[in-house]
Every structure is written in structure tokens, then in C-alpha cells.
Amino acid sequence: MTAPAQPTVRSPWLAFAAVVSMQLMMVLDISIVTVALRSIQEDLGFSQPRIAWVTTAYTLGFGGFLLLSGRLGDLFGKKRMFLTGMTVFLVASLFCGLSRNQDMLIAARFVQGAGAAMGFAVAMGIVFSLFRDPRESGKAMGGLGFVQAAGASVGIVAGGALTSGISWHWVFFLNLPIGIVAAVLVFRLVPNDRGAGFGDGADILGAVLVTVGMMLGVYTIATVGDEGWGSGHTIGYGLASLALLGGFVARQATAANPLMRLDVFRSRNLSGANLVHLFLVAGMISGNILIALYMQQVLGYSAATTGFAFLPIALSAAAVSLGFSARFNMRFGPKNVLLVSLVVVAASLLLAVRGPVDATYVVDVLPTALLLGVGTGLALPAVMTLAMAVSSPRDIGLASGLVGTSGMVGDSLGIAVMTAVAAAHTKSELADGKPVLTALNDGYHLAFGLAAAVVVVGLVIGFAMLKPLPPMPHPGGGEPPTEAQPAPAGAEAGRA
């Protein structure tokens, strides 16, 4: 059966800018709030343990609904899912900014995270529908890479400026004007897609298993810093999460209309790229957080100064991902670009290990920031290109959701592990009588080294599992047909 012709998109780059701007808001809403936590705590009277829930609630909603939202985008329609997610995200952002008590803010942050997951999970699938020319698709992947590479850094910069210049409420209100304009542009410019529909029924049990399982997993990781790795709380909730996710996998193997077809994992590039993405993000995001903590707690930088000190990471990531990543991926192939960029990211984190207590920014911090920005600006477009190399357009939403989920798990796990390692080593050195700044610095040194080792694990996985794609990407993001994969993507689209 012949697939319907792909509709011509009016102003595809304007539509792309709208999708990416909203995706950027969803990514940086974690880091932008981190900088404002102290002001939120003072204003709303949060205790030290409870203030963490301002971040944890968003993470729970985001991580819990990512995988489900990606598959629902394939069934419900990616544009419809994206606009629904944007609406939920923006309404929740308004309530976050208007919050006058702790419970209201925490509840609104959970809903905000769920809305962000609905939009983020299908964003890459929408981008793939906007461009027919592989060169244009490659440039678009560079833009998506910039969002992930620089999102955390941009959030820290914006959070510092807004919190110091206006108030913490504006870290949430900022989403509204940008989101409203983006929603109008997406509605007008992005073609409608029908989705596969629910004609064969919906796997309600699978949806419940994966959503609750992911939420419990994210909650376990997010609270491990307070509860400890060996506590009954961590072990109990961790085992419950694994049991639910295991039940979800078993359900998908037997369901008549599964949410996630398990045969997609036969693709070495999809499976390998998501594993690499997990380890890359675990090292990269924890590296960003550790640099911010190092500058504030060891070097004594204010929130605003820390934000501006992060500009080189954002700017170098933007320059590389937007200016060079597409050309490099086309010329050398995304696997080769990814492997080299992982080496650069690991080198930047190892360079941070030498940071002294009395560091000079230009000599001791700036080189790490520039290398980290360059490495992530090259790595993320390459790994996303490989992860989205599915044979059938009907799996684009699922692949997009998997990429988001692997990044979310890497983000949460990386931050939890690295900050716990740094805190434990600092506590040990303080017990040995070392000065506070020296103990803090040594703790961050150990965490930076561990973050570099995590990225190296991703490098080994990438070298062993990933298959080279042609230097010129195949239209639609998929691998070219082979003997094992004879059906063209168009035929699959028609059957879907």
C-alpha cells in the first residue's frame, strides 16, 4: 500500500523554532528553579528536606509520563499530543508563579512536569515531519541537540538573572509569553497527523504499569540522597519500581495491541544509542550541577555570578550544535562524531578535577566550561540521530519517548549518585580534620572523576554496539533498507 504524500509545511523553520523554544522551556525548567530554590525556601517557609520536593515533583511528573506520552503520540497524533502537553505545562506554570503556599507549588510542579513530558516526548517526531531534505533534517537535529546540551546552562543563567533582578515567581511566568506564541505557531504551521488510533483497543494495564513504575523509579532516585542507598526506603521502592516495569515488559510481550512493541529493541542503534544517551547525560548534567556547586560553595560566587559564569557552556554548545554538528554528522557519520565527542566530554570533566580552592575563573573554570559545551554540542545531535534511526514512521513517537526517558533516568541517577559521592567524601574529610573548603573541593574532585568514568562507559558501549549510518542521513531518519529490512518506510507508514 502506498503511503500518503507528506504534506508541504509552510515556513518549516518557523514551525521548528516554535517546537524547539517550547522544548527548551521544558528542559530548563529543572535547572532554572534550582537557582531560585533559596529564595523560594525563604519566601514560602520550606524546611530544608521539603524544599527538594519543588524539584522532585517536576521530575516525577516528567519522568513518569515520558515513555507513555511518546507512544500515545503515535496513536493519538503527535501534534495533538504536543499541544495538549503545552496547554497543561503553561497552565501549571501560571499556578506555580501564583503559588502562595508550599502544597500549591508542589502540586503545580507535578502537573507542570507531566505536561512537559507530553510535549517533550513527541517533539522529535514533529521535527522529523517538518523536513524532507536530509541536510535540513541534520540541521534540525543540531537544534534539538542544542536544547539538551545548553538547556541546563541556559536555565542557570536565566534563573540567576530573574531571581536576583525581579523575583522567583518570574522563573515560572517566563514560560507564559514564550509558550503562548509557540502554541499559536505550532497550531498554524505544523501539519495535522491522524495517528494510528485506538481501533484495536488500548493497553490500559500496560499504561498503568509503565507510568507508576517510572514514577516510583524516579522517586527512588530523587530521594536517595536523603534516605541512603542501603535504606529500606530506597531498596523497597526500587524493587517495587523494577517489579512494575518488569510486569510492563511481560505485558507488552503478550498484549494484543501493546503500547511498546519489544521488537524495536532489535535495532542495535536504537538500543545502543539510548544506553549511550543515559551515560552521557548522567555525566554531563551532573557535571553542570557540580560546576555550579563548586563555584557557589567553594569559590563563593553568588547565584547571578554563577549564572553568567555558565554562559561559555551555553554559547559553545550553541555554536557547535547549530553551526557544525549537521555537517560533521553528514561527512563523518554520527557514530564517529559521537565517539570523538564523548572523549571531549570526559576530558572536560577530568580537567575539572584539578580545580583548586582559590581558582581563577579564566584559568581553572573556563577551559572546562568550553570543552564541556563543545563536547555536548556535538554528542547530543549525533546520539539522537542514531536513536531515531527506526525503520517505520509508526515508531517515531516511541523512539522519541525512549530518548527522553533515557535522558531523564541518566539525569536523575547522575545527579543523585555524584552529589551523594561528593557529600560522603566531604563528610569523611571533615571528620579527619580538614578545612571546610578543602573538604568540599576534594568531594567535588572525586565526583568529577566519577562523572568522567561514567561518560567513558558510554564511550565503550557506543564503540561496541552502534552501527555506522551513512554519512548522508537517510530521508526520514531511518536506516537504509537492507536484506534484513526490505520494507521501505513509506510502506510501513501506509500500513500504520
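Given the structure is predicted, the values throughout are model-derived calculations rather than measurements.

## Re the overall build of the protein chain
Each helix and strand in the protein chain was counted, giving 19 helices and zero strands. Classification of the 496 residues of the protein chain by burial places 56% in the buried group. The long-range fraction of contacts in the protein chain, counting pairs at least 24 apart against all pairs at least 6 apart in sequence, stands at 84%. Approximately 19,600 Å² of the protein chain is accessible, and the part contributed by carbon and sulfur atoms is 68%.

## Focus on the environment of G373
Secondary-structure assignment places G373 in helix 16 (residues 361–387). The class for G373 is buried, based on a relative accessible area of 0%. Counting along the chain gives 57 residues from G373 to S316, while the straight-line C-alpha distance between them is 5.0 Å. When residues no more than four places from it in sequence are discounted, the contact partners of G373 are I313, S316 and A317.

## Describing the environment of V344
Inspection of the secondary structure assignment puts V344 in helix 15 (residues 334–352). Residues V344 and L371 lie 27 residues apart in sequence; the distance between their C-alpha atoms is 6.5 Å. Discounting residues that sit within four places of it in the chain, V344 has contacts with L371 and G375.

## Description of the confidence of the model for the protein chain
Per-residue pLDDT for the protein chain has a mean of 78; in total, 83% of the residues score no lower than 70. Across residues 1–5, where pLDDT falls below 50, the model places six contacts with residues more than four positions away in sequence or in other chains.

## A word on the packing of helix 11 (residues 268–298) against helix 15
Interhelical geometry of helix 11 versus helix 15 gives an angle of 30° and a closest axis separation of 11 Å. With respect to helix 15, the axis of helix 11 lies roughly parallel. You can see that helix 11 and helix 15 cross each other, and the crossing is left-handed. For the pair formed by helix 11 and helix 15, the contact residues are V276, L280, G283 and G287 on the first element and L338, L342, V345 and L349 on the second.

## Here we look at a nonpolar patch on the surface
Together, V91, L94, F95 and L98 make up an exposed nonpolar region whose accessible area comes to about 330 Å². Residue placement: V91 occurs in helix 4 (residues 78–98).

## Considering the packing of aromatic side chains
Across all of its chains, the model carries five aromatic pairs by this definition. Between W13 and F16, the aromatic rings sit 5.2 Å apart at their centres with planes inclined by 85°, giving edge-to-face as the arrangement. Of the two residues, W13 and F16 both sit in helix 1 (residues 12–44), three residues apart, roughly one turn of that helix. Put simply, the rings of Y58, F62 and F120 pair up and form one aromatic cluster. The residue whose ring lies beneath K79 is F187, and the NZ or CZ to ring-centre distance is 5.3 Å. Lying over the aromatic face of F463, K335 brings its terminal NZ or CZ to 5.8 Å of the ring centre.

## Some words on the side chain of S93
Within the fold, S93 resides in helix 4. At a separation of 2.9 Å, a polar atom in the side chain of S93 contacts the side chain of Q112. Beyond its immediate sequence surroundings of up to four residues, S93 is in contact with Q112, F172, N175 and L176.

## Side note on helix 13 (residues 311–323)
The α-helix advances 3.6 residues per turn, and as a result positions three or four apart in sequence lie on the same side. With 13 residues, helix 13 ought to run about 18 Å at 1.5 Å a step, and its terminal C-alpha atoms sit 17 Å apart, in line with that. Those residues of helix 13 that fall on the buried side of the exposure criterion are P312, I313, A314, S316, A317, A318, V320 and S321.

## Details of the packing of helix 3 (residues 53–76) against helix 5 (residues 102–130)
The description of two packed helices rests on the angle between their axes and on the distance between the axes. One can describe the packing of helix 3 onto helix 5 by two numbers: an axis separation of 6 Å at closest approach and a directional angle of 30°. In terms of orientation, helix 3 lies roughly parallel with respect to helix 5. Where helix 3 crosses over helix 5, the handedness of that crossing is right-handed. When the residues that make up the contact of helix 3 with helix 5 are grouped by side-chain class, the tally is 18 nonpolar, seven polar and one charged.

## With respect to the nonpolar core
In this structure, M22, I40, F82 and L338 are the most contacted members of the largest nonpolar core, which totals 130 residues. When residues in this core are grouped by element, the largest group, 18 residues, is from helix 1. Ignoring any residue separated from it by four or fewer positions in sequence, one finds I40 in contact with V33, G45, F46, I51, L105 and W168.

## Regarding the pattern of salt bridges
Under the defined criterion, the tally for this structure stands at three salt bridges. Between E429 and K434 there is a salt bridge whose closest N-O contact spans 3.4 Å. The closest approach of N and O atoms between K434 and D442, which form a salt bridge, is 3.5 Å. The structure contains a network of salt bridges with shared partners spanning E429, K434 and D442.

## Quick word on the environment of A292
You can see A292 is positioned in helix 11. Overall, A292 belongs to the buried group, its relative accessible area being 11%. Sequence spacing of A292 and F310 is 18 residues, and the spatial spacing of their C-alpha atoms is 8.1 Å.

Analysis parameters
Residues numbered from 1 in each chain as written. Predicted model: local features only at pLDDT ≥ 70, side-chain atom pairs only at ≥ 80, totals over all residues. Heavy atoms only, no water. Helix = DSSP H or I, 4+ residues; strand = E, 2+ residues; numbered from the N terminus. Buried < 20%, exposed > 50% of the residue type's maximum accessible area, 1.4 Å probe, protein only. Contact = heavy atoms within 4.5 Å. Areas by Shrake-Rupley, 256 points an atom, 1.4 Å probe, with all protein chains shown as cover. pLDDT = per-residue confidence, 0-100. Axes fitted to C-alpha atoms, helices over the stretch in contact; angles between N-to-C directions. Parallel < 35°, antiparallel > 145°, perpendicular 65-115°, else oblique. Left-handed = near helix turned anticlockwise from the far one by under 90°. Patch = residues over 30% accessible without salt bridge, like charges linked within 9 Å, V, L, I, M, F, W, Y side chains within 5 Å. Salt bridge = Lys/Arg side-chain N within 4 Å of Asp/Glu carboxyl O. Phe/Tyr/Trp six-rings, centres within 6.5 Å; stacked < 30°, edge-to-face > 60°. Lys NZ or Arg CZ within 6 Å of the ring centre and 35° of its normal. Polar contact = N/O pair within 3.5 Å; in protein donor to acceptor, adjacent residues only side chain to side chain. Expected span 1.5 Å × (residues − 1). Nonpolar A, V, L, I, M, F, W, Y, C, P; charged D, E, K, R; others polar. Core = buried A, V, L, I, M, F, W, Y, C linked by side-chain atoms within 4.5 Å.

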